[in-house]
Amino acid sequence: MTKIGYSFICAVTFLFIGCAKPNALENFNYSKFYGNALQYTFKSDIVIDNNVVAMLNATYLNATSINDEYETKEVFLVGVFISDDNENKEYKITLNNTNPESIVKLDKNDKMYAKMPLYNPWAKYYIVEFDKDKLNKTFLDNLTEKQKYLNHEYKNISLSLLINEKQSTTLTFQKER
């Protein structure tokens, strides 16, 4: 009788396992975009004397896109928070020490706010685009002749927020495609 009982328990267990959802995010009603965006979202702070001076959070949108809409550009959803003491300071966003092609500030009613995996209500959000050809040229210009034969394009990308020489932070992403 115990063999039949164990067989029945195993059969029921396999039945439940076979009917389980393959993607854990489906249990939480998140879209696939949100899951990919969460995986490619990073945050970094500039801290001086235990005070947060600035925050940078960015989502690498090229990695979240399933189509080729970002074929010629590296595109990021960037949030920048500068503390009250530094609010009027100028800051600069670069990718691999290359200036962006365009920076578009998001309107508070923009639909991208609903898709953000990391949202800071005090930050200003932007869509920041960099030209891939310009990034590749900058990368190749910094290589020796021997390195140019081994490396044909950049693999890692570093998004930086620079307030001044002493106040900066960098997020590093692995390039997609």
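Residues numbered from 1 in each chain as written. Predicted model: local features only at pLDDT ≥ 70, side-chain atom pairs only at ≥ 80, totals over all residues. Heavy atoms only, no water.

> Any chance you could explain the overall build of the protein chain here in plain terms?
For the protein chain, the helix and strand inventory stands at five helices and eight strands. In the protein chain, the order of α-helices and β-strands from amino to carboxyl end is α-α-β-β-α-β-β-β-β-α-α-β-β. The buried share among the 177 residues of the protein chain stands at 36%. Put simply, 60% of the contacts in the protein chain that link residues at least 6 apart link residues at least 24 apart. With an accessible surface of roughly 12,200 Å², the protein chain has 53% of that area assigned to carbon and sulfur atoms. (Helix = DSSP H or I, 4+ residues; strand = E, 2+ residues; numbered from the N terminus. Buried < 20%, exposed > 50% of the residue type's maximum accessible area, 1.4 Å probe, protein only. Contact = heavy atoms within 4.5 Å. Areas by Shrake-Rupley, 256 points an atom, 1.4 Å probe, with all protein chains shown as cover.)

> Please explain the packing of aromatic side chains as it appears in this structure.
What characterises a pair of aromatic rings is the spacing of the ring centres plus the angle enclosed by the ring planes. Under the defined criterion, the tally for this structure stands at three aromatic pairs. With 5.1 Å between their ring centres and 25° between their planes, Tyr60 and Phe76 make a pair best called stacked. Placement of Tyr60 in strand E2 (residues 51–60) and of Phe76 in strand E3 (residues 73–82) is noted, with a sequence separation of 16 residues between them. Ring geometry for Tyr119 versus Tyr125: centroids 5.7 Å apart, planes at 15°, classification stacked. Through pairs of rings, three or more aromatic residues link up here, namely Tyr60, Phe76 and Phe130. (Phe/Tyr/Trp six-rings, centres within 6.5 Å; stacked < 30°, edge-to-face > 60°.)

> Help me out: how do you make sense of the pattern of salt bridges in this one?
If the charged atoms of two oppositely charged side chains come close together, the side chains can form a pair. Counted under the stated rule, the structure contains two salt bridges. The salt bridge involving Lys43 is made with Asp45; its shortest N-O contact spans 2.7 Å. Classification of Lys43 as partly exposed rests on a relative accessible area of 43%. Given the relative accessible area of 30%, Asp45 is considered partly exposed. (Salt bridge = Lys/Arg side-chain N within 4 Å of Asp/Glu carboxyl O.)

> When you look at a nonpolar patch on the surface in this model, what are you seeing that I'm missing?
Taken together, the side chains of Tyr6, Phe8 and Ile9 present a nonpolar region at the surface, about 390 Å² in accessible area. Within the secondary structure layout, Tyr6 lies in helix H1 (residues 2–18). Judged by relative accessible area, which is 59%, Tyr6 ranks as exposed. (Patch = residues over 30% accessible without salt bridge, like charges linked within 9 Å, V, L, I, M, F, W, Y side chains within 5 Å.)

> I tried to follow the side chain of Ser83 on my own but got confused; where do I start?
By secondary structure assignment, the location of Ser83 is in the loop between E3 and strand E4 (92–95). With near-sequence residues (within four places) excluded, Ser83 lies in contact with Val52 and Val53.

> What should I look at first to understand the environment of Trp122 in this one?
By secondary structure assignment, the location of Trp122 is in the loop between strand E5 (102–105) and strand E6 (124–131). Distance from Trp122 to Gly79, taken between C-alpha atoms, is 9.3 Å for residues 43 residues apart in sequence.

> Any chance you could explain the sheet that holds E6 here in plain terms?
Adjacent strands of a sheet pair through backbone hydrogen bonds, lying either parallel or antiparallel. Read across the sheet, five strands follow the order E1-E2-E3-E6-E5 without closing on themselves; strand pairing throughout is antiparallel. Both edges of this open sheet fall to strand E1 (41–48) and E5, since each of them pairs with a single strand only. Adjacent strand axes in the sheet meet at a mean angle of 20°, parallel and antiparallel pairs treated alike. (Pairing = 2+ DSSP bridges. Axes fitted to C-alpha atoms, helices over the stretch in contact; angles between N-to-C directions.)

> Help me understand the confidence of the model for the protein chain, please; the structure alone is not making it clear to me.
Low-pLDDT stretches of the model should not have their predicted coordinates read in fine detail. Model confidence for the protein chain is summarised by a mean pLDDT of 76, while 74% of its residues fall at 70 or above. No element of the protein chain has a lower mean pLDDT than helix H5 (residues 145–150), which averages 52, and none a higher one than E5, which averages 91. (pLDDT = per-residue confidence, 0-100.)

> Whenever I open this one, the nonpolar core confuses me. Can you help?
Generally speaking, nonpolar side chains in soluble globular proteins are found buried as a group. Residues Phe76, Val78, Val80, Phe130, Leu159 and Phe173 are the most contacted members of the largest nonpolar core, which totals 24 residues. The contacts of Leu159, once residues within four sequence positions are left out, are Leu56, Ala58, Phe76, Val78, Ile93, Thr94, Leu95, Phe130, Thr169, Thr170, Leu171 and Phe173. In terms of nonpolar packing, the next biggest core, distinct from the first, is built from 13 residues, Val75, Phe81, Ala123 and Ile127 among them. (Core = buried A, V, L, I, M, F, W, Y, C linked by side-chain atoms within 4.5 Å.)

> I tried to follow the environment of Ala63 on my own but got confused; where do I start?
Take Ala63: it is sitting in helix H3 (residues 61–64). Judged by relative accessible area, Ala63 falls into the buried class, the value being 15%. Linking Ala63 and Glu74, residues 11 residues apart in sequence, is a C-alpha distance of 9.6 Å.

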